[in-house]
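Results of the structural survey
Residues per chain, in single letters:
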Amino acid sequence: MLLSDHVGAVFFDVDGTLVPGTSSSTFLADFLGHRDEVAKAEDAYAAGVLDNRQVSELDAGGWAGVSEKQVLGWLDGLPLVPGIAETVAWCRRNGLVPVLATLAWSPVGSYLAGRFGFHSFSGPRLESTDGRFTGRVARHFDEYDKRDFALAQARSLGVDSRACAAVGDSRSDLPLFASIGLSVAFNASETARAAATATVDDDDLRGVLPILSRLVTATR
């Protein structure tokens, strides 16, 4: 039996969910000079033609020589859906631990966790030396790793996977959707909608709160 002060956890995707209409990788690739290549690779991933390892290796090459500090400056302009701070605060008030479960590069997860107060984050890691990226992948991370990360987080928090929710929009969310109690397809692809417990279309992340409140109600 799991014992915890928390009633559950909520796992939020980044690309296409918190970052609407695009991805953090495509956004950063615009600065790095290989946006078109990354956009095509991500479309191929969504269609099941490429896997995440292939996309990550293609993208990582464009980071060679770039400083970690410079990337943090670019991230200040990352387009984000309204309502993130308010949704994170609502989760914490209601005993739901907000976590980033994402395939975005770790600098993106680290930035968003620090800015909005997410408990933790997942993602692939870029190799760096002396504060600059080498153009190589230090750790690959795919949709199954994302699921496993979320389930490990639930265990470490002392909450049952059935008391957890995920908010996502695409292929990378499907294994996680199938492994927890509540899944929300937010402005999502048809595949994600078909796999989710509930669907929300909204231009503000707070649109998912009525669905997430089911977790709170179920534990009272």
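Summary of the structure given here. If you're wondering where the values come from, they're calculated on a predicted model, not measured in any experiment.

1. Examining the overall build of the protein chain
Along the backbone of the protein chain there are 10 helices and 7 strands. Radius of gyration (C-alpha) of the protein chain: 17 Å, near the 17 Å computed for a compact globule of 220 residues. The C-alpha extent of the protein chain, read off along each of the three principal axes, is 50 × 35 × 30 Å. Within the protein chain, the proportion of its 220 residues that are buried is 52%. At a minimum sequence separation of 6, the contacts of the protein chain that also span at least 24 residues come to 62%. Carbon and sulfur atoms form 48% of the exposed surface of the protein chain, whose accessible area is close to 9,800 Å². Separation between the mean location of the 20 positive side-chain charges and that of the 28 negative ones in the protein chain comes to 5 Å.

2. What to know about the sheet that holds strand β1 (residues 8-12)
Where strands meet in a sheet, backbone hydrogen bonds hold them as pairs that are either parallel or antiparallel. Pairing is parallel across the open sheet formed by 5 strands, whose spatial order is β2-β1-β5-β6-β7. The open sheet terminates on both sides in strands that have one partner only, identified here as β2 (96-100) and β7 (198-200). Adjacent strand axes in the sheet meet at a mean angle of 20° when their direction is disregarded. As judged from the 4 bridges shared by strand β5 (residues 164-168) and strand β6 (residues 182-186), these two strands associate in the parallel manner. Looking at β6, one finds that glycine 168 is bridged to alanine 185. Sitting on the sheet, helix α5 (residues 84-93) touches β1 and β2, and the angle it makes with β2 is about 140°.

3. Comments concerning helix α6 (residues 106-116)
Most of α6 is tucked away: 8 of the 11 residues are buried. Within the sequence span of α6, burial applies to Ser106, Pro107, Val108, Gly109, Tyr111, Leu112, Ala113 and Phe116. Count one or two residues on from α6 and you reach glycine 117, which has phi positive near 85°.

4. Details of the packing of aromatic side chains
All told, the structure shown has 5 aromatic pairs when counted by the stated rule. Ring geometry for phenylalanine 27 against phenylalanine 31: centres 5.3 Å apart, planes inclined by 75°, an arrangement best described as edge-to-face. In this pair, phenylalanine 27 and phenylalanine 31 both sit in helix α1 (residues 24-32), 4 residues apart, roughly one turn of the helix. Their ring planes at 65° and their centres at 6.2 Å tell us that tryptophan 63 and tryptophan 105 sit as a pair that is edge-to-face. Linking tryptophan 63 in the loop between α3 (52-60) and α4 (68-75) with tryptophan 105 in the loop between β2 and α6, this pair joins segments that are 42 residues apart in sequence.

5. Overview of the pairing of strand β4 (residues 132-139)
Both strand β3 (residues 125-129) and β4 contribute to a ladder of 4 bridges, which runs antiparallel. The partner of leucine 126 across the bridge, within β4, is valine 137. Counting the residues in the hairpin turn of β3 and β4 gives 2 residues, including aspartate 130, whose phi is positive at 55°.

6. What about the state of the cysteines?
Counted according to the given criterion, the structure contains 0 disulfides. A disulfide-free cysteine, cysteine 91 has its sulfur positioned 11 Å from the sulfur of cysteine 164, the nearest such atom. Relative accessible area serves as the criterion here: at 0%, cysteine 164 is assigned to the buried category.

7. Details of the environment of cysteine 164
With respect to the helices and strands, cysteine 164 occurs in strand β5. The spacing of cysteine 164 and tyrosine 111 is 53 residues in sequence and 23 Å in space, taken between C-alpha atoms. Apart from residues lying up to four places away in sequence, cysteine 164 is in contact with Ala9, Phe11, Ala154, Val159, Ile180, Gly181, Leu182 and Leu215.

8. Points about the pairing of β1
Within β1, 5 of the 5 residues are buried, leaving the element largely enclosed by the surrounding structure. Pairing geometry for β1 and β2, over 5 bridges, is parallel. Within the sheet, the bridge partner assigned to phenylalanine 11 lies in β2 and is valine 99.

Rules used throughout
- Residues numbered from 1 in each chain as written.
- Predicted model: local features only at pLDDT ≥ 70, side-chain atom pairs only at ≥ 80, totals over all residues.
- Heavy atoms only, no water.
- Helix = DSSP H or I, 4+ residues; strand = E, 2+ residues; numbered from the N terminus.
- Rg over C-alpha atoms; globule rule 2.2 N^0.38 Å.
- Buried < 20%, exposed > 50% of the residue type's maximum accessible area, 1.4 Å probe, protein only.
- Contact = heavy atoms within 4.5 Å.
- Areas by Shrake-Rupley, 256 points an atom, 1.4 Å probe, with all protein chains shown as cover.
- Lys, Arg positive; Asp, Glu negative; His and termini not counted.
- Charge placed at Lys NZ, Arg CZ, Asp CG, Glu CD.
- Pairing = 2+ DSSP bridges.
- Axes fitted to C-alpha atoms, helices over the stretch in contact; angles between N-to-C directions.
- Phe/Tyr/Trp six-rings, centres within 6.5 Å; stacked < 30°, edge-to-face > 60°.
- Disulfide = S-S within 2.5 Å.

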